[in-house]
Amino acid sequence: MSNASPLGFALITGASSGIGATYAKRLAARGYDLILVARDKARMDTLASSLTQQHGVQVKILTADLTLSEDLARVEHELTTHSHITLLLNNAGMSVDGEFINADVERIDTMLTLNIIALTRLAHAAAQSFKARGNGTIINIASVLSLVHENFNGAYNASKSYVLTLTRAMQHELAESGVQVQAVLPGATRTEIFDRSGKSISEIPAEMLMDVDEMVDAALAGLDSGEAVTIPALEELALWHEYDRARGAMLPFLSRDQSASRYRQR
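Treat the numbers as computed from the prediction; the structure is a model and nothing was measured.

1. Things to note about the overall build of the protein chain
The number of helices and strands found in the protein chain is eight helices and seven strands. Here the C-alpha radius of gyration of the protein chain, 19 Å, is about what a compact globule of 266 residues would show, namely 18 Å. In terms of overall dimensions, the protein chain has a C-alpha envelope of 75 × 45 × 40 Å along the principal axes. Looking at the protein chain residue by residue over its 266 residues, the buried ones come to 44%. Within the protein chain, residue pairs in contact and separated by at least 24 positions form 66% of the contacts whose partners lie at least 6 positions apart. Carbon and sulfur atoms provide 52% of the accessible area of the protein chain, an area that totals close to 14100 Å². Charge separation in the protein chain, taken as the distance between the mean sites of 23 positive and 31 negative side-chain charges, equals 5 Å.

Below, the structure is given as structure tokens:
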């Protein structure tokens, strides 16, 4: 593309509102050209016009429903064939209200397609392209619920645990490639995801609910400082490091030639 920004293009999924739209504003302010991906073309048109006027950046729109294989393939094609893309924000996602057993399994299926399958395919396409060029940035939006096993909708939590695990594996695989990979774990954030899930945002205690601007600014500060995992609300970063060290300490003992002594007859 002509007159492209020296920073290249950031491709943002779920870009029509909430976290995705806020990232679009912040990245445009930094000088990135943008490729906005979402279902709502009208909203993306409005956002694109505003960002072009404010920052003079190029904004391309891809109207796509990432739960549809043909739409997902078009976005994958964009990532694999256009070397001007230097950043992927894997943000598109949805939740399902209520506990797992009582939730609509068809909505759960759609959620898993979006939160896991679409994210995986786009992350894979971007990782291959960026690694071949020796640079690029991949940001995968997970959730603090990736660390919660007992509460809320287990399928949603599990989908975000998948995102965290995939991101950590990608960080390991791409460690010497010049590609930066970040997992972002927001807590409850003031966006439309609650209304779309069937849960009212008014049910969330105010002290647990972060404004989207603050969340994205914290996530980008974490990216700038080289954090592999950014938890915007976590004041004591040492708690995350302790959690991760404890997980690592178990690894040598998880697969052995004998069961633990407590399971063997004495």
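2. A short note on a nonpolar patch on the surface
Residues Met250, Leu251 and Leu254 make up a contiguous nonpolar surface patch of roughly 320 Å² in combined accessible area. In this structure, methionine 250 sits in helix 8 (residues 237-250).

3. Section: the sheet that holds strand 1 (residues 9-13)
Pairing is parallel in the open sheet, where seven strands are placed in the order 3-2-1-4-5-6-7. The two strands at the open ends of the sheet, each matched to only one other strand, are strand 3 (59-63) and strand 7 (229-230). Of the pairings in the sheet, the one linking strand 1 to strand 2 (residues 33-38) comprises five bridges and is parallel in character. Looking across to strand 2, one finds that isoleucine 12 is bridged to leucine 36. Along the sheet, helix 1 (residues 18-30) makes contact with strand 1, strand 2, strand 4 (85-90), strand 5 (136-141) and strand 6 (179-184), crossing strand 1 at roughly 170°.

4. A word on the nonpolar core
Membership of the largest hydrophobic core comes to 44 residues, with the highest contact counts inside it found for Leu11, Val37, Leu66, Val75, Leu79, Ile138 and Met170. No other element matches the eleven residues that helix 4 (residues 105-133) contributes to this core. Discounting chain neighbours no more than four positions away, the residues touching leucine 79 are Leu11, Ile85, Leu88, Leu122, Ala125, Ala126 and Ser129. Counting residues in each nonpolar core, the second largest holds 30 residues, with Leu27, Leu34, Ile139 and Val212 among its members.

5. Quick look at the packing of helix 3 (residues 69-81) against helix 4
Between helix 3 and helix 4, the least distance of the axes is 8 Å, while the angle of their chain directions is 15°. Accordingly, the angle class assigned to the pair helix 3 and helix 4 is roughly parallel. Here the hand of the crossing between helix 3 and helix 4 comes out right-handed. The residues of helix 4 that touch helix 3, namely those facing Leu72, Val75, Glu76, Leu79 and Thr80, are Ala118, Arg121, Leu122, Ala125, Ala126 and Ser129.

6. Overview of the pairing of strand 2
Of all the six residues making up strand 2, six are buried; the element is thus mostly covered by neighbouring parts of the structure. Side chains of strand 2 alternate between two faces, with Asp33, Ile35 and Val37 and Leu34, Leu36 and Ala38 buried alike. Note on the crossover from strand 1 through helix 1 to strand 2: the handedness is right-handed. Both strand 2 and strand 3 contribute to a ladder of five bridges, which runs parallel. From the neighbouring strand, leucine 34 faces strand 3, where its bridge partner is valine 59.

Rules of the game
- Residues numbered from 1 in each chain as written.
- Predicted model: local features only at pLDDT ≥ 70, side-chain atom pairs only at ≥ 80, totals over all residues.
- Heavy atoms only, no water.
- Helix = DSSP H or I, 4+ residues; strand = E, 2+ residues; numbered from the N terminus.
- Rg over C-alpha atoms; globule rule 2.2 N^0.38 Å.
- Buried < 20%, exposed > 50% of the residue type's maximum accessible area, 1.4 Å probe, protein only.
- Contact = heavy atoms within 4.5 Å.
- Areas by Shrake-Rupley, 256 points an atom, 1.4 Å probe, with all protein chains shown as cover.
- Lys, Arg positive; Asp, Glu negative; His and termini not counted.
- Charge placed at Lys NZ, Arg CZ, Asp CG, Glu CD.
- Patch = residues over 30% accessible without salt bridge, like charges linked within 9 Å, V, L, I, M, F, W, Y side chains within 5 Å.
- Salt bridge = Lys/Arg side-chain N within 4 Å of Asp/Glu carboxyl O.
- Pairing = 2+ DSSP bridges.
- Axes fitted to C-alpha atoms, helices over the stretch in contact; angles between N-to-C directions.
- Core = buried A, V, L, I, M, F, W, Y, C linked by side-chain atoms within 4.5 Å.
- Parallel < 35°, antiparallel > 145°, perpendicular 65-115°, else oblique.
- Left-handed = near helix turned anticlockwise from the far one by under 90°.
- Right-handed = clockwise from strand over helix to strand, strands pointing away.

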